[in-house]
Amino acid sequence: MINTGLEGRGVVVTGAASGIGRAAALKFAQEGAKVLVADLDRAGIEETVEEIGAAGGTAVAVVGDLSDQQVVDEVVERAVDAFGRVDVLVNNAGIMDRMSALGETGDSEWERVIRINLTAPFLLTRAVLPHMLAAGRGSIVFTASEAALRGSTAGAAYTASKHGIVGLVKNLAVMYRGQGIRANAVAPGPTTTSMRVDADREAHGPTIAGQLSAATMGRMGSAEEQADAIVYLASDAASFVNGAILPVDDGWAAV
Ligand SMILES: NC(=O)c1ccc[n+]([C@@H]2O[C@H](COP(=O)([O-])OP(=O)(O)OC[C@H]3O[C@@H](n4cnc5c(N)ncnc54)[C@H](O)[C@@H]3O)[C@@H](O)[C@H]2O)c1
């Protein structure tokens, strides 16, 4: 039996109104953690809080756009008020791009995707760090993507944003490893959630279409399979794991 050490810990999960974030929030609660769930989607986040409560857990919610500094500050204040600390931060909220090649990526697509997928995790991590440093411990887990590992699974904006997450993880791991803080990421392969691609996957020629075929991608994963990996990386069971990007993808990254 793995000892996660999560009982009584304060955990923040973003993008927890659906998909991987919701599944992770439920699993943290099952491990006895107190969870703050944050998302844009009010109805979805209320459902997550209800599910956690029905399972005997504790959750508080913040609704808002996590690329807004005020919302970020509210998340950290609410977590510290409610739990007295933030032991774990899961930067999971994210959006897909339109699979556009760089030459077809407009300013608004670029800025929206980078703002939500890369800048929002930066803002939240920066806001949480002083609390983790004061406590002398903390674990930060990011949801990257297969698009953090290769160039042929999404458009330019999403691919750049998820490669940026890898840079943040590695730099955090090195800069803070003497201070009790770990940073890691999961790199999910195709996972059944509400995330949709609003574009023609075939539009960019044989390379991208080939990489997205069932033969290379393997089967679809579930949000719960991603959540298990997130909880592991956040937990004491991964106490010597720092700066890792863990593919959770049925071997796609190995092809
Ligand atoms: N589903 C996949 O196949 C897959 C593969 C690789 C990586 N991912 C990554 O997994 C993460 C979770 O996505 P998912 O698949 O569970 O999709 P999802 O759409 O079910 O969940 C994403 C959540 O993020 C929230 N969100 C989006 N923008 C936000 C913002 N600005 N502020 C607050 N909340 C915001 C959405 O409301 C939604 O609840 C994302 O970072 C995504 O890039 C998913």
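Note that this is a predicted model, so its numbers are computed, not measured. (Residues numbered from 1 in each chain as written. Predicted model: local features only at pLDDT ≥ 70, side-chain atom pairs only at ≥ 80, totals over all residues. Heavy atoms only, no water.)

**Structural notes on helix H2 (residues 42-54)**
(1) Moving on: The first and last C-alpha atoms of H2 sit 18 Å apart over 13 residues, in line with the 18 Å expected at 1.5 Å per residue.
(2) Moving on: Residues Gly44, Ile45, Thr48 and Ile52 constitute the buried set of H2. Axial view of H2: buried residues confined to an arc of 95°, hence all on one face. In H2, those exposed residues whose orientation departs by more than 90 degrees from the buried face are Arg42, Ala43, Glu50 and Ala54.
(3) Moving on: Check the buried side of H2 and you find it contacts helix H1 (19-30), strand S2 (34-39) and strand S3 (58-63).
(4) Moving on: One side-chain oxygen at the N-terminal end of H2 lies 3.3 Å from the backbone nitrogen of Ala43; it belongs to Asp41. (Helix = DSSP H or I, 4+ residues; strand = E, 2+ residues; numbered from the N terminus. Expected span 1.5 Å × (residues − 1). Buried < 20%, exposed > 50% of the residue type's maximum accessible area, 1.4 Å probe, protein only. Arc of directions from axis to C-beta. Contact = heavy atoms within 4.5 Å. Polar contact = N/O pair within 3.5 Å; in protein donor to acceptor, adjacent residues only side chain to side chain.)

**Looking at the site of the ligand**
(1) Moving on: In the vicinity of the ligand, 27 residues are found, and the nearest of them are Ser18, Asp39, Asn92, Tyr158 and Thr193.
(2) Moving on: A distance of 3.3 Å separates a nitrogen atom of the ligand from a polar atom in the backbone of Leu40.
(3) Moving on: For the ligand, a nitrogen atom lies 3.0 Å from a polar atom in the backbone of Leu66.
(4) Moving on: Protein chains shield 91% of the accessible area of the ligand, which is 820 Å² for the free molecule.
(5) Moving on: Secondary structure elements with two or more residues in the shell around the ligand: H1 and helix H5 (156-176).
(6) Moving on: Among the residues forming the shell around the ligand, the class breakdown is 12 nonpolar, 12 polar and three charged. (Near = heavy atom within 4 Å. Areas by Shrake-Rupley, 256 points an atom, 1.4 Å probe, with all protein chains shown as cover. Nonpolar A, V, L, I, M, F, W, Y, C, P; charged D, E, K, R; others polar.)

**Description of the confidence of the model for the protein chain**
(1) Moving on: On average, residues of the protein chain score 95 in pLDDT, and 98% of them are at 70 or above.
(2) Moving on: When pLDDT is averaged over each helix and strand of the protein chain, the minimum, 72, is found for helix H6 (residues 205-211) and the maximum, 99, for strand S4 (residues 88-91). (pLDDT = per-residue confidence, 0-100.)

**Focus: the pattern of salt bridges**
(1) Moving on: Under the definition given, this model contains eight salt bridges.
(2) Moving on: Each of Arg9, Arg137 and Asp236 takes part in a single network of salt bridges with overlapping partners. (Salt bridge = Lys/Arg side-chain N within 4 Å of Asp/Glu carboxyl O.)

**Some remarks on the side chain of Ser100**
(1) Moving on: Secondary-structure assignment places Ser100 in the loop between S4 and helix H4 (107-135).
(2) Moving on: There is a polar contact of 3.0 Å between the side chain of Ser100 and the side chain of Glu109.
(3) Moving on: Once residues within four sequence positions are removed from consideration, Ser100 is found in contact with Thr105, Glu109, Gly155, Ala156 and His204.

**As for unusual backbone geometry**
(1) Moving on: Although it is not a glycine, Met99 sits at a positive phi angle of roughly 65°.
(2) Moving on: Secondary-structure assignment places Met99 in the loop between S4 and H4.
(3) Moving on: Met99 sits in the buried class, given a relative accessible area of 2%.
(4) Moving on: Phi at Asp250 is positive, roughly 55°, even though this residue is not glycine.
(5) Moving on: Tracing the backbone through its elements, the reader meets Asp250 in the segment after strand S9 (245-248).

**As for the packing of helix H3 (residues 69-83) against H4**
(1) Moving on: Relative to each other, H3 and H4 sit at 30°, their axes nearing to 9 Å. When the axes of H3 and H4 are compared, the pair comes out roughly parallel. Along this stretch, H3 crosses H4, giving a crossing that reads as right-handed. Residue-level contacts link Gln69, Val72, Val75, Val76 and Val80 of H3 to Leu123, Leu124, Arg126, Ala127, Val128 and His131 of H4.
(2) Moving on: Taken together, the residues of the contact of H3 with H4 sort by class into eight nonpolar, two polar and one charged. (Axes fitted to C-alpha atoms, helices over the stretch in contact; angles between N-to-C directions. Parallel < 35°, antiparallel > 145°, perpendicular 65-115°, else oblique. Left-handed = near helix turned anticlockwise from the far one by under 90°.)

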